[in-house]
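Take a look at the letters that make up each chain.
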Amino acid sequence: AIIKRYNHPAWNAIFNLAFAYQITGDSKYGKQAAAWLVEAGQMYGKTHAAIESRVQYLHLVACAYDWLYDLLLPEERKTLTTALCTTAQLNYFGLMRNNNCLGPLSTGRSNMGVFMAADFGVLALALDGEPGSKPDWLAGAIRLTGMCFNNWIGDAGDCREGFAYF
């Protein structure tokens, strides 16, 4: 297999090919991306249960899953959905405990909150309605997004300086 260890370049390759498929409709891009995504899902399903524990890659995986959905066989969808639901549950648990996100002392004003809203939110949206998904995931992502992004979007819709560095 071309991808032995799923790391940032590998997730980028899967994402970029899935994006090319989404934009062009050319299945040569989608089929390769789907094959690598399924391979990752099978590998993580056997070893870690969660497809990607590092939140900074969740949006890449989630978008690829969503864009490639129609190319996946039912058993491939089940493998990926199971792994992604495990990942979502682990990250949701982290969101609820982390005071930079939705923890009991959170104000929602942190770089980590913005980061988690952007990455976990995409995963929650991609999984919404799938077997094993929980409505709390999308609700939590929406709440966190509202808390974080309302703090640094100006009245005219522009970005303004604040607690986030981007």
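Residues numbered from 1 in each chain as written. Predicted model: local features only at pLDDT ≥ 70, side-chain atom pairs only at ≥ 80, totals over all residues. Heavy atoms only, no water.

### Description of the overall build of the protein
A tally of regular secondary structure across the protein gives six helices and zero strands. For the protein, the proportion of its 166 residues judged to be buried stands at 43%. A fraction of 66% describes how many contacts in the protein between residues 6 or more apart in sequence connect residues 24 or more apart. Roughly 8,800 Å² of accessible area belongs to the protein as shown, and the carbon and sulfur atoms make up 56% of that amount. (Helix = DSSP H or I, 4+ residues; strand = E, 2+ residues; numbered from the N terminus. Buried < 20%, exposed > 50% of the residue type's maximum accessible area, 1.4 Å probe, protein only. Contact = heavy atoms within 4.5 Å. Areas by Shrake-Rupley, 256 points an atom, 1.4 Å probe, with all protein chains shown as cover.)

### Things to note about the environment of Ala88
Within the secondary structure, Ala88 is located in helix α4 (residues 74–97). Filtering out sequence-adjacent residues up to four positions away, Ala88 remains in contact with Phe120, Leu123, Leu127 and Trp137.

### What to know about the packing of aromatic side chains
Using the criterion set out here, one finds five aromatic pairs in the structure. Their ring planes at 45° and their centres at 5.3 Å tell us that Phe15 and Trp67 sit as a pair that is tilted. A residue pair is termed long-range when its members are at least 10 positions apart, and Phe15 in helix α1 (residues 8–24) and Trp67 in helix α3 (residues 58–68) qualify at 52 residues. Since its relative accessible area comes to 16%, Trp67 is described here as buried. Cluster of aromatic residues (ring-pair linked, three or more members): Phe15, Phe19 and Trp67. In this arrangement the basic side chain of Arg77 is found over the ring face of Tyr69, its NZ or CZ atom lying 4.3 Å from the centre. (Phe/Tyr/Trp six-rings, centres within 6.5 Å; stacked < 30°, edge-to-face > 60°. Lys NZ or Arg CZ within 6 Å of the ring centre and 35° of its normal.)

### Topic: the nonpolar core
Within the largest apolar cluster, 40 residues are counted, with the highest numbers of intra-cluster contacts made by Trp11, Leu37, Tyr65, Leu68, Phe120, Leu127 and Trp137. Secondary structure elements with two or more residues in this core: α1, α2 (27–47), α3, α4, α5 (111–127) and α6 (135–149). Per-element accounting of this core gives the leading share, nine residues, to α3. Look past the residues within four positions of Leu37 in its chain and what remains in contact with it is Trp11, Ile14, Val61, Ala64, Tyr65, Leu68 and Leu80. (Core = buried A, V, L, I, M, F, W, Y, C linked by side-chain atoms within 4.5 Å.)

### Section: α3
In terms of residue burial, α3 counts as a mostly covered element, since nine of its 11 residues are buried. Along α3, the residues classified as buried are Leu58, Leu60, Val61, Ala62, Cys63, Ala64, Tyr65, Trp67 and Leu68.

### Considering the environment of Phe120
Note on placement: Phe120 falls in helix α5. In sequence terms Phe120 and His59 are 61 residues apart; their C-alpha atoms lie 7.0 Å from each other.

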